[in-house]
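Architecture at a glance
The chain contents come next:
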Amino acid sequence: MRLIIAEKPSQAQKLAAPYPSKKKKDEIEIAPCTRFPEGAIVVWAVGHLCELQEPSHYRPEWKSWKYEALPIVPERFDYRISKGKSKPFYAIKKWLHDRSITDVIIASDAEREGEAIVRLILRLAGNKKPLARLWISSLTEQAVDRGFAQLLPGEQTIPYYHEAMSRACADWLVGMNASRAYTTLLKTIGIEDVFSLGRVQTPTLALIVNREREIKQFVPEPYFEVEATLQQGRGTFKAKYTLGKTTKLKSREEADAVVKRASGTATVKAIDKEEKIEQPPFWFSLSGLQAEAGKRFGFGAKKTLDIAQKLYTKGWISYPRTDSGFVTPDEATLFPQTKARLLKSAAYAGLKDVLTEDPSKNRRYVNAKKVSDHYAIIPTEACGDVTRLGGDEAKLYDLINRRFLAAFAPAAKLEKTTLDLLDGDDLYRAKGTVVVSPGYRQVVEMKSKDVELPALAVGDTVKEKKVEVLSKQTEPPKRYTEGALIMAMKVAGKQLDDEELIHIMKEVEGLGTEATRANIIDGLKKRGYVQLQKKELVPTDKGRLLIDVLGDSILASPVMTAKWEKRLHEIGQASASAAEFIEQAKKMSIHLVEEARSRVEAANPEGYTIEPKRYGKKTARPKASFGVCPSCGKGLVEHPKFIGCSGFREGCRFTVSKQVLGVGLAKDELLQMINGGQSNVHTFKKGEKTFNASLYLEKGTLRFEFK
């Protein structure tokens with residue numbers, strides 16, 4: 001009898017569905033059948049049942065957060081059963097050691113994390129039985145049965161396990177050392193908070209902070225355009241004054257002069273028409289789906305992945321954690337079946353006459369060389385009716401279905417027209433587009449922004465209804481939305497905004513993987529590094545401070561982290577050494593600990609307000625850095641009524657009150673006093689006496705200088 005280990009209960013039920021089976025408390029029993037002549041037992045994990053040991057497992061001194069105890073670099077890495085996960089672990093272990101079990105089938109998600117989840121269970125449970133691997137991208141009954149008929153040898157997918165373990169160990173090393181180093185050192189300059197740093201999350205945060213810095217430093221430059229509203233018959237259209245290849249004028253005077261020269265009419269000088277063929281879009285990879293769902297519906301990256309995972313578990317779409325927008329020829333054989341099933345839905349029945357193409361032979365969609373682990377996110381041959389869903393789930397499913405069906409429609413044909421008009425010697429240019437044949441646009445319900453120009457001939461004269469100056473200015477870069485950040489992570493922050501180019505590129509060195517990017521962004525929000533403001537990611541003071549302190553550290557470099565991702569991918573392809581990679585990670589961790597001291601010593605924490613996270617019911621008050629304590633050299637922090645030294649537990653009693661004799665002192669005055677200067681002159685009242693004075697500090701004691 002064979003033992004099948006799934007990643008989660010819902011997946012286990014799908015794996016047993018094609019066969020006669022009976023569900024019990026901790027397993028599903030498959031009766032003897034054609035596929036399993038001796039029957040089979042399906043058991044399941046509940047996500048990760050095993051995890052890396054804590055630092056204190058290796059050395060007692062690594063339990064507390066002390067800079068002096070760093071670096072934390074174990075000789076080997078040990079694992080343990082995750083807290084609260086012992087019951088499912090021992091349910092699997094019981095069957096692994098049952099004499100009736102002949103071999104084991106790893107049937108978790110067909111990717112690196114799925115591989116690691118089950119192989120770690122096998123490792124801790126002491127399995128010695130032969131292994132096979134189920135590798136499928138769909139949970140339909142047909143796909144499941146085909147997968148069990150074509151099982152891979154267990155040793156074929158073990159490089160994915162090595163990749164996952166290398167990733168986990170490297171992240172553990174960098175996270176443990178960098179987080180403890182910067183958290184403990186920042187406390188010495190008055191920043192009382194926990195700082196989490198990571199191999200992928202920190203360079204991702206750097207992308208957001210650096211973009212914000214570009215926006216803050218951007219100096220807008222004014223420019224002017226002259227726009228004419230032209231009338232032809234009862235309709236109007238707009239044209240812009242053009243000088244050379246630009247419509248931008250540097251001065252208002254120049255623009256006013258153009259308006260002054262306007263005669264009231266313009267003559268058509270030239271008409272240029274160009275036919276453009278617009279191909280249907282590629283199918284979705286996960287990052288493409290997250291970007292589009294964010295743009296259309298405002299979905300966060302994690303929300304998109306969570307909904308897609310539900311649709312996959314239903315068996316309605318293919319595996320969502322994919323980096324490919326293509327499918328293999330084998331999957332293409334199911335296109336007619338999937339298309340026919342979708343057209344049974346009232347939502348798509350009206351598209352039947354539009355879907356005249358066959359994409360199964362089109363390399364724009366079917367290309368085995370561009371599929372690594374999983375193919376594009378498309379509906380399966382067992383897809384359900386979108387009308388049975390509601391809300392956000394229906395929106396995302398409809399988006400996936402329409403993108404798939406668009407490949408069955410012809411390309412859109414557009415006619416782009418450029419119209420040149422002369423008013424005296426001044427050239428005005430109008431641009432418009434006519435949709436000759438909408439093609440696939442009817443399927444994806446694309447909102448057209450095309451401008452249609454009136455039918456005119458060279459020599460025709462049109463009336464200038466209005467000629468006006470438009471005052472404009474250059475605009476700063478845009479903040480990242482979650483979808484835009486996902487695409488930026490995919491190319492390690494390089495300026496590569498063309499989704500089609502990203503699809504075509506043979507190799508892209510990115511931050512994280514398709515499966516992890518959404519969680520990285522979610523983690524940045526939960527740790528207080530970024531906030532969502534009108535769908536845009538804005539760094540907090542905590543996030544900006546961390547990246548400013550790191551400076552040009554390798555840990556904040558998206559390009560360097562992307563190179564690590566490339567090496568991890570090579571480990572998964574069995575073309576690079578996991579042991580060598582871990583040695584590199586150990587050396588990097590030691591380097592990060594050593595450089596942290598000099599970077600924090602050189603940091604200037606003034607101007608950042610850090611709000612420590614809540615722990616239980618107690619809430620730490622907001623604390624703002626006020627530089628260095630003049631008494632002991634440690635950091636000064638802000639309290640509601642005074643500025644105090646962060647070394648008060650060590651005996652330093654330096655404080656400066658925010659209010660003296662009923663007079664409140666501003667932040668800049670307090671900073672001046674701490675740095676050896678004086679406050680502004682204030683009127684104080686003590687008893688019946690009133691006097692004017694400024695304040696200063698002498699050996700930590702408040703003094704008045706009377707005026």
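Values in this document were obtained by computation on a predicted structure and should not be read as measured data.

**Section: empty space enclosed by the protein**
- If you walk through the whole model with that rule in mind, you get three cavities of 30 Å³ or more.
- There is about 50 Å³ of room inside the largest cavity.
- Forming the walls of the largest cavity are Gln11, Leu15, Ala107, Ser108, Asp109, Ala110, Leu134, Ile136, Leu139 and Tyr312.
- Here the lining of the largest cavity is composed, by residue class, of seven nonpolar, two polar and one charged.

**What about the environment of Ala143?**
- With respect to the helices and strands, the residue Ala143 is situated in helix H4 (residues 141-149).
- Under the relative-accessibility criterion, Ala143 is labelled buried at 6%.
- Excluding its chain neighbours within four sequence positions, the residues that come into contact with Ala143 are Ile136, Ser138 and Glu381.

**Thoughts on the pattern of salt bridges**
- In total, this model carries 44 salt bridges according to the counting rule given.
- Close ionic contact of Glu51 with Arg80 constitutes a salt bridge, the shortest N to O distance being 2.9 Å. Within this pair, whereas Glu51 is found in strand E5 (residues 50-52), its partner Arg80 is found in strand E6 (residues 79-81), the two being separated by 29 residues in sequence.
- A residue is classified by how much of its surface remains accessible, and Glu51, at 29% relative accessible area, is partly exposed.
- Lys472 is the salt-bridge partner of Glu225, the closest N and O atoms lying 2.9 Å from each other. Placement of Glu225 in strand E10 (residues 222-232) and of Lys472 in strand E15 (residues 461-473) is noted, with a sequence separation of 247 residues between them.
- Look at Glu225 and you get buried, because its relative accessible area is 4%.
- Through salt bridges with shared partners, one network takes in Arg112, Glu163, Arg167, Asp171, Arg199 and Glu565.

**Quick notes on unusual backbone geometry**
- In this structure, the amide linkage connecting Leu70 to the following residue, Pro71, adopts the cis form with an omega of 5°.
- Assignment of secondary structure puts Pro71 in the loop between E5 and E6.
- Notably, Lys535 is not glycine yet its phi reads approximately 70°, a positive angle.
- By the element assignment, Lys535 lies in the loop between strand E16 (530-533) and strand E17 (536-539).
- For Lys535, a relative accessible area of 54% translates into the label exposed.
- Residues other than glycine seldom take positive phi values, yet Ala574 does so here, at roughly 60°.
- You can see Ala574 is positioned in the loop between helix H18 (558-572) and helix H19 (578-601).
- Taking relative accessible area as the criterion, Ala574 reaches 57% and is therefore assigned exposed.

**Things to note about the packing of aromatic side chains**
- Using the criterion set out here, one finds 24 aromatic pairs in the structure.
- Both rings, one in Trp316 and one in Tyr397, keep their centres 5.2 Å apart while their planes meet at 40°; by these two values the pair is tilted. Residue Trp316 is found in the loop between helix H9 (301-314) and helix H10 (329-332), and its partner Tyr397 is found in helix H12 (residues 391-406); the two are separated by 81 residues along the sequence. Neither residue differs from the other here; Trp316 and Tyr397 are each classed as buried.
- Each ring, one from Phe335 and one from Phe408, has its centre 6.1 Å from the other, and the planes form 70°; the classification is edge-to-face. Taken together, the positions of Phe335 in helix H11 (residues 335-343) and Phe408 in the loop between H12 and strand E13 (412-423) put the pair 73 residues apart, joining distant regions of the chain. For the pair Phe335 and Phe408, a shared accessibility class is recorded, and that class is buried.
- One aromatic cluster is present, built from ring pairs that chain together Trp283, Phe335, Tyr365, Phe404 and Phe408.

**Here we look at H18**
- If you check H18, its first and last C-alpha atoms are 21 Å apart, about what 15 residues at 1.5 Å a residue would give, namely 21 Å.
- Residues of H18 that are buried include every one of Pro558, Thr561, Ala562, Trp564, Glu565, Leu568, Ile571 and Gly572, and no others. All buried residues of H18 fall inside an arc of 160° around its axis, so they share one side.
- On its buried side, H18 packs onto helix H5 (158-187), helix H6 (201-217) and H19.
- Immediately beyond the C-terminal end of H18, within one or two residues, lies Ala574, with a positive phi of roughly 60°.

**Describing the sheet that holds strand E11 (residues 235-241)**
- The sheet built from six strands closes into a barrel, its strands ordered E10-E11-E14-E13-E12-E15 with antiparallel pairing. The mean inter-strand angle of the sheet, taken between neighbouring strand axes irrespective of direction, is 35°.
- Looking at chain direction, E13 and strand E14 (residues 426-437) are connected through eleven bridges and run antiparallel. Bridge pairing in E14 links Leu414 to Val435.

Definitions and limits used
Residues numbered from 1 in each chain as written. Predicted model: local features only at pLDDT ≥ 70, side-chain atom pairs only at ≥ 80, totals over all residues. Heavy atoms only, no water. 1 Å grid on protein atoms, 1.4 Å probe; cavity = no way out; pocket = protein on both sides within 12 Å on 5 of 7 lines; lining within 4 Å. Points joined across faces, edges and corners; volume = space filled by probe spheres on them. Nonpolar A, V, L, I, M, F, W, Y, C, P; charged D, E, K, R; others polar. Helix = DSSP H or I, 4+ residues; strand = E, 2+ residues; numbered from the N terminus. Buried < 20%, exposed > 50% of the residue type's maximum accessible area, 1.4 Å probe, protein only. Contact = heavy atoms within 4.5 Å. Salt bridge = Lys/Arg side-chain N within 4 Å of Asp/Glu carboxyl O. Phe/Tyr/Trp six-rings, centres within 6.5 Å; stacked < 30°, edge-to-face > 60°. Expected span 1.5 Å × (residues − 1). Arc of directions from axis to C-beta. Pairing = 2+ DSSP bridges. Axes fitted to C-alpha atoms, helices over the stretch in contact; angles between N-to-C directions.

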